[in-house]
Amino acid sequence: EIDAREMCGISCTDAGQCPSSTACYATHPNYCGDSNFTPFQWIDPVVSTSWARCGKSEVDARSFCKPVCNSDADCSVFSGER
């Protein structure tokens, strides 16, 4: 999913349209739908070992590397994170 979102893979509506060993994931039109958007080229990326992060949504938490948490109580209620 992160590869599809971050690298703007080919457009698809189901996994049958994807190269082998990949799947079809939804992306945000404001990234991949913008013809002026250039995907960032990662050099030696590291995958986080954190399984939960604070955020207003799952995408917000994962895309913007929000603070690691163990429960909703660890997150800022004032900013609407959970």
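Since we're looking at a predicted model, the values are computed, not measured.

Analysis parameters
- Residues numbered from 1 in each chain as written.
- Predicted model: local features only at pLDDT ≥ 70, side-chain atom pairs only at ≥ 80, totals over all residues.
- Heavy atoms only, no water.
- Helix = DSSP H or I, 4+ residues; strand = E, 2+ residues; numbered from the N terminus.
- Buried < 20%, exposed > 50% of the residue type's maximum accessible area, 1.4 Å probe, protein only.
- Contact = heavy atoms within 4.5 Å.
- Areas by Shrake-Rupley, 256 points an atom, 1.4 Å probe, with all protein chains shown as cover.

## Section: the overall build of the chain
Point 1. Within the chain, the regular secondary structure consists of three helices and zero strands.
Point 2. In sequence order, the secondary structure elements of the chain are arranged as α-α-α.
Point 3. A total of 82 residues make up the chain; the buried ones form 15% of that total.
Point 4. If you take every contact in the chain between residues at least 6 apart in sequence, the share linking residues at least 24 apart comes to 39%.
Point 5. Per element, the accessible surface of the chain, about 6500 Å² overall, is 57% carbon and sulfur.

## A few points about unusual backbone geometry
Point 1. The backbone of Ser-21 sits at a positive phi, close to 65 degrees, despite the residue not being glycine.
Point 2. If you trace the backbone, Ser-21 turns up in the loop between helix H1 (2-7) and helix H2 (29-32).
Point 3. By relative accessible area, which is 79% here, Ser-21 ends up exposed.

## Here's the deal with the environment of Gly-55
Point 1. By the secondary structure assignment, Gly-55 is in the loop between H2 and helix H3 (58-63).
Point 2. Sequence separation of Gly-55 and Val-68 is 13 residues, and the distance between their C-alpha atoms is 9.7 Å.

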